[in-house]
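Geometric and topological summary
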Amino acid sequence: MMPDGATSASPDASPARGDLPDGGPHPGDTGAAGAHAVGRRVVAVVPLRDGSSGKSRLASVLDPAERSRLIGVLARHVVGTLLASEAVERVLVVTSDPRFTWRALGSLVPPVRPPLDEAPPAESSTPAGGDEAGAAGEGAAGDAEADGPGRLQIVLQPASRPGLNAALDVGREVVAGLATDPAAPAARLLVAHADLPALTVEDVDALLAHDAPIVVATDRARSGTNLLVLDADVAFTFRFGVGSLPAHLAEADHRGVRAAVVQRTGTAVDLDTLDDWAELPADVRARDDLSALHRAMDRAGSGT
C-alpha cells in the first residue's frame, strides 16, 4: 500500500491521468488547475441503497439483522466524518429506503428527510442505529423541516432510476438546484461510499485540498473507486462498478481533464468481506460500534 497522501499515475501512465507533479498544468485541463481547492463550496453525496440488501458477502458470519445494523453503523461513521470536516458544507444521502436511513443517521444532526409517503416500506424491523438513534431522528424532524435544509439531507432515489450511478446523478441534480448565485463557481462534489470504516476527517480534507480537477481515491486493490471529487457542473459520466478506477480515468481522458489517483489507509479500505476486515487497522476493528462484528469475525476466523 502506498503511503498516506501519495498520488500516483494511472495504470497505463497516461500524462492526462495524474502523473504530472501536483499542481502542474496539463494542456487538456479545463479551468485553472490550482483553483479547485480554494474557496469552493463542497457538497458530499453518499449513496445508501437500503438496509437489507447490502453486505451479502458477509452472510456466512452475520445474519440479516446483523448485516442491517452493520450497514447503519458504517453509514453513520462515513456521514459523521463528512459532517465533522469544516470543508464540507452539506451531506446528501441518496437512498431508496429513507426510513432505514433516517433511523441510521437521525442521531447525527437534525436531517432533512424526503416525503415518506412516496417511499417504499422499510425492509428491516431493527433500527440500524438502535431505538435511541431512531427516536432522535423522529424527534428532530419538525425542527429540521421548519428551519429549512440543514447540513444533512436525505434524498429519495426514485424507483424509476435504480442503481448506484443513477443515485449519484440524482444527488448531482440536487446539488445543482442548491446553487443560489449563477456567477459563483460550481460546488465541488465529493462522492463517498457509505462503507469506509477507517475514513477520517484528515482523509476528507486531503482529497479536497488536491488541485486536480478530478480526484479518485482508489480501493486497496487499486481497481475500484471509493471516493471521487469533481466539479458539480462538469460533464462527467459516473462509472462506478467493476473496474471503476480505470473507467473513471478513461472518462477523465475522454473529457480532457486531468485526474489524480490517491490512496490512503482511510480511503482505501471498505468492508465487504472477511479479507477487508483483516485489512482494517487494529484501532478501527477495536471500536465500540464494531464490537459485535469484531466478535463475529473472530469466530469466523477461528472456525468456531
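Keep in mind that this is a model prediction, so the values were computed, not measured.

**Overview of the confidence of the model for the protein chain**
Chain-level pLDDT for the protein chain is 78 on average; 72% of the residues reach the 70-or-more range. Note on residues 5-36: pLDDT under 50 across the span, and 68 contacts to partners over four residues away in sequence or across chains.

**Points about the environment of Arg239**
Along the chain, Arg239 falls in the loop between strand 7 (225-231) and helix 6 (244-255). For the pair Arg239 and Asn165, spaced 74 residues apart in sequence, the C-alpha separation works out to 6.9 Å. Excluding residues within four positions of it along the chain, Arg239 makes contact with Asn165, Ser244, Ala247, His248 and Glu251.

**Looking at the environment of Glu89**
For Glu89, the position within the fold is in the loop between helix 1 (64-84) and strand 3 (90-95). Residues Glu89 and Arg151 lie 62 residues apart in sequence; the distance between their C-alpha atoms is 6.6 Å. The contact partners of Glu89, leaving out residues within four places of it in the chain, are Arg41, Val42 and Arg151.

**Let's talk about the packing of helix 1 against helix 2 (residues 98-105)**
It is the contact of helix 1 with helix 2, at a shortest axis distance of 9 Å, that shows an interaxial angle of 60°. The pairing of helix 1 with helix 2 is recorded here as oblique in orientation. In the packing of helix 1 onto helix 2, the handedness of the crossing is right-handed. The segment helix 1 lies against helix 2, with Ser68, Ile71, Gly72, Ala75, Arg76 and Val79 engaging Phe100, Ala104 and Leu105. Of the residues contributing to the contact of helix 1 with helix 2, the split by class is 6 nonpolar, 2 polar and 1 charged.

**What to know about the packing of aromatic side chains**
For any pair of aromatic rings, the description rests on two quantities: the centre-to-centre distance and the angle between the ring planes. Counted by the stated rule, this structure contains 2 aromatic pairs. Centre to centre, the rings of Phe236 and Phe238 are 6.5 Å apart; their planes meet at 70°, and the pair counts as edge-to-face. Judged by relative accessible area, Phe236 falls into the buried class, the value being 3%. Residue classification places Phe238 among the buried positions, given a relative accessible area of 4%. Their ring planes at 35° and their centres at 6.4 Å tell us that Phe238 and Phe240 sit as a pair that is tilted. Both residues of the pair, Phe238 and Phe240, count as buried. An aromatic cluster is defined as three or more aromatic residues linked by ring pairs; in this entry it consists of Phe236, Phe238 and Phe240.

Calculation criteria
Residues numbered from 1 in each chain as written. Predicted model: local features only at pLDDT ≥ 70, side-chain atom pairs only at ≥ 80, totals over all residues. Heavy atoms only, no water. pLDDT = per-residue confidence, 0-100. Contact = heavy atoms within 4.5 Å. Helix = DSSP H or I, 4+ residues; strand = E, 2+ residues; numbered from the N terminus. Axes fitted to C-alpha atoms, helices over the stretch in contact; angles between N-to-C directions. Parallel < 35°, antiparallel > 145°, perpendicular 65-115°, else oblique. Left-handed = near helix turned anticlockwise from the far one by under 90°. Nonpolar A, V, L, I, M, F, W, Y, C, P; charged D, E, K, R; others polar. Phe/Tyr/Trp six-rings, centres within 6.5 Å; stacked < 30°, edge-to-face > 60°. Buried < 20%, exposed > 50% of the residue type's maximum accessible area, 1.4 Å probe, protein only.

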